[in-house]
Amino acid sequence: MDFRPTEEQALLRRSVREFAETEIRPHVREWDETQHFPLELVPKLGALGLMGIQVPEQYGGAAMSAVDYCICIEEIARVDPAVALSVAAHNGLCSSHILMFGSDEQKRKFLTPLARGEKIGAWGLTESTSGSDAAGMRTTAVKAGDCWTINGSKTFTTHGRVGDIMVTMAVTDRTAGPKGISAFIVEKGTPGVAPGKKEDKLGMRASDTSEVLFENCRVPSDQLLGELGQGFVNTMQVLDAGRIGIAALSVGLAQGAYEAALRYAQERKAFGRPISGFQAIQWKLADHATRIEAARLLTYRAAYLKDKHPKTRTTLESSMAKLYASEIAVRAAEDCVQIHGGYGFVKDYPAEKFFRDVKLTTIGEGTSEIQRLVIARELLR
Ligand SMILES: Cc1cc2nc3c(=O)[nH]c(=O)nc-3n(C[C@H](O)[C@H](O)[C@H](O)COP(=O)(O)OP(=O)(O)OC[C@H]3O[C@@H](n4cnc5c(N)ncnc54)[C@H](O)[C@@H]3O)c2cc1C
């Protein structure tokens, strides 16, 4: 067991960090305030391989490992968690679903432009009445000739407005429960699919989130993704990997918040000395630095297992990493505000944005309650 990064991984971290510092950092506040999804950034992300991080080269991707994926997401989240969320949803949900379960033809046609950053991916599982209880979805797909007709709607879809290619889950056999759900690839511009309400969010505001509405949307039968009736089962496997991405996002966000707090504590003076001289502040910093390292190790362990044993599910390890990393990130972001005092409450410093963004990490891709449920189920198996 070697806990040190390889030379390639150290280089990868340096290049993604430099990219985030130069191409993202200067715009973070403006994109957040205006809820601007930075379409202009996508070709640059693509050029760096960040739109197809784990996609094989034959489909236009960068063919990196799951551990490399964590490094990329972490470094973006350290600067702007909203951009990291978009990169994670594009790579870890939409593209990953097509990569894991698509046919060679589907990968050529849909995955390749996604991996090159020519198109943006979206993934629709959640509906207005079914989030944690995702199998209770109402959207249906009915076969008619050589097409499937989709009716219903998806809620909180990352890239619901800006996405070009969407993987959506729909009920194909109401009597079969979770085994009656299938996945479909839907292209932007297909008659009958349209974005609905754009969400006005607490945080992650530069990441596009909206409803997606389906009204008699006909998709060719060769856009059924994976086997008929296996969409929900496949979704759980996609989420095993996706949750490692949200864990990495949480680690990166916590790291960004911790660094901001450390820097401020060394600059800010009270009672004639830097506040970093007070033990109360030192203990906070020590606790967060320790928790962040622990979360990073849990996250890399899940990613490492995925790399080493791609056929074995990492449900337990992924959920543990996601649960722990997101919850320590919430505490790190909260103390980042606390250490900034009143300046943590205003937009001149990054603290308040980390504090708003971080809450998504304990909700998206399964809430903390659902992670505990998944972990307990695995333990009691
Ligand atoms: C910014 C953002 C981006 C998102 N992106 C996507 C996306 O791209 N694609 C997508 O499909 N979804 C996406 N989501 C949806 C997200 O995955 C869901 O919001 C999440 O799974 C929770 O579902 P819900 O909001 O319906 O909450 P609910 O399921 O209604 O949960 C409400 C509360 O009840 C608790 N609860 C529910 N069931 C149980 C239980 N059995 N035991 C204990 N507690 C329980 C929950 O933990 C939570 O605290 C996104 C959400 C946000 C906010």
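Everything here concerns the structure above.
Note that the structure is a prediction, hence the values are computed from the model and not measured. Residue indices follow the written sequence of each chain, beginning from 1 at its first position. Two thresholds apply to this predicted model, a pLDDT of at least 70 for residue-level local features and 80 or more for giving and counting side-chain atom pairs, whereas whole-chain, interface and lining totals are computed over all residues. The side-chain values count all of the structure's non-hydrogen atoms but skip hydrogen atoms and water molecules.

*Asks:* I'm lost on the side chain of Thr362 in this one. Help?
*Replies:* We count a stretch as a helix when DSSP gives it H or I for four or more residues in a row; a strand needs E for two or more, and each element gets its number in order from the N terminus. Residue position: Thr362 is located in the loop between helix H10 (351–357) and helix H11 (368–379). Here Lys359 takes part through its side chain, which lies 2.6 Å from a polar atom of the side chain of Thr362. A contact between two residues is defined here by any heavy atoms of the two lying within 4.5 Å. Other than its neighbours up to four places away in sequence, Thr362 contacts Lys322, Ser326, Glu327, Val330, Thr367 and Ser368. The term polar contact refers here to a pair of N or O atoms within 3.5 Å; inside protein, the definition further demands a hydrogen-donor-capable atom paired with an acceptor-capable atom, and it admits residues adjacent in sequence only when both atoms are side-chain atoms.

*Asks:* What should I look at first to understand the site of the ligand in this one?
*Replies:* Throughout, the term near means that a residue has one or more heavy atoms lying within 4 Å of the molecule or strand in question. Surrounding the ligand, one finds 18 residues, the nearest of these being Thr126, Ser132, Phe156, Thr367 and Glu369. At 2.7 Å from a nitrogen atom of the ligand is found a side-chain nitrogen or oxygen belonging to Thr126. Shrake-Rupley sampling with a 1.4 Å probe provides the accessible areas, and residues are treated as covered by the protein chains on show and by no other component. For the ligand, the accessible surface in isolation is 980 Å², of which the surrounding protein chains cover 65%. Where the shell around the ligand is concerned, the elements lending two or more residues are strand E1 (121–124), strand E3 (147–158) and H11.

*Asks:* I tried to follow the nonpolar core on my own but got confused; where do I start?
*Replies:* Soluble globular proteins: nonpolar side chains tend toward being buried together. Formed by 69 residues in total, the largest nonpolar core has its most connected members in Ile24, Leu50, Ile73, Ile76 and Leu249. The contacts of Leu50, once residues within four sequence positions are left out, are Val16, Phe19, Leu45, Cys72, Ile76, Val87 and Asn91. Side-chain atoms within 4.5 Å are what join buried Ala, Val, Leu, Ile, Met, Phe, Trp, Tyr and Cys residues into a set we call a nonpolar core. With a 1.4 Å probe rolled over the protein chains alone, any residue whose accessible area is under 20% of its type maximum counts as buried; one over 50% counts as exposed, and the rest are partly exposed. Core analysis: the second largest hydrophobic core is formed by 25 residues, Leu93, Ala115, Ala134 and Ala183 among them.

*Asks:* It is not clear to me how the environment of Gln338 should be interpreted in this structure. Could you clarify?
*Replies:* Within the secondary structure, Gln338 is located in helix H9 (residues 315–340). Taking the C-alpha atoms as reference points, Gln338 and Tyr324, separated by 14 residues in sequence, lie 21 Å from one another.

*Asks:* When you look at helix H4 (residues 66–79) in this model, what are you seeing that I'm missing?
*Replies:* Three or four residues apart is the spacing at which side chains of an α-helix point the same way, because the helix has 3.6 residues per turn. To estimate the expected span of a helix, subtract one from its residue number and multiply by 1.5 Å. For H4, which comprises 14 residues, the first-to-last C-alpha distance of 21 Å matches the rise-based estimate of 20 Å (1.5 Å per residue) to within 8%. Burial within H4 is extensive, with 14 of its 14 residues counted as buried. For H4, the N-terminal capping position is held by Ser65, with its side-chain oxygen 3.4 Å away from the main-chain nitrogen of Val67.

*Asks:* Hey, could you run me through the packing of H4 against helix H7 (residues 231–267) in this one?
*Replies:* For any two helices packed against each other, one specifies the inter-axial angle together with the distance between the axes. Here an axis means a line fitted to C-alpha atoms, over the contact stretch when the element is a helix, while the angle between two N-to-C directions is reported on a 0 to 180 degree scale. At a minimum axis distance of 7 Å, the contact between H4 and H7 shows a crossing angle of 40 degrees. The angle between H4 and H7 falls in the class oblique. As H4 packs across H7, the resulting crossing turns out to be right-handed. For the pair H4 and H7, contact is made by Tyr69, Cys70, Ile73, Glu74, Ala77 and Arg78 and by Ile244, Gly245, Ala248, Leu249, Val251, Gly252, Leu253, Gln255, Gly256 and Glu259, respectively. Residues belonging to the contact of H4 with H7 are distributed by class as follows: nine nonpolar, four polar and three charged. By the definition adopted for this analysis, an angle is roughly parallel if under 35 degrees, roughly antiparallel if over 145, roughly perpendicular if from 65 to 115, and oblique otherwise. Each helix crossing is assigned a hand: it is left-handed if the near helix lies turned anticlockwise from the far helix by less than a right angle, otherwise right-handed if that turn is clockwise. For this classification, the nonpolar set comprises Ala, Val, Leu, Ile, Met, Phe, Trp, Tyr, Cys and Pro, the charged set comprises Asp, Glu, Lys and Arg, and every other residue, Gly included, is treated as polar.

*Asks:* For this particular structure, what's the right way to read the side chain of His340?
*Replies:* Locating His340 in the fold gives a position in helix H9. You can call His340 buried: its relative accessible area is 3%. Among the polar contacts made by the side chain of His340, one reaches the main-chain carbonyl oxygen of Cys336 at a distance of 2.7 Å. Those residues in contact with His340, other than ones at most four positions away along the chain, are Ala260, Ala261, Tyr264, Tyr349 and Ala351.

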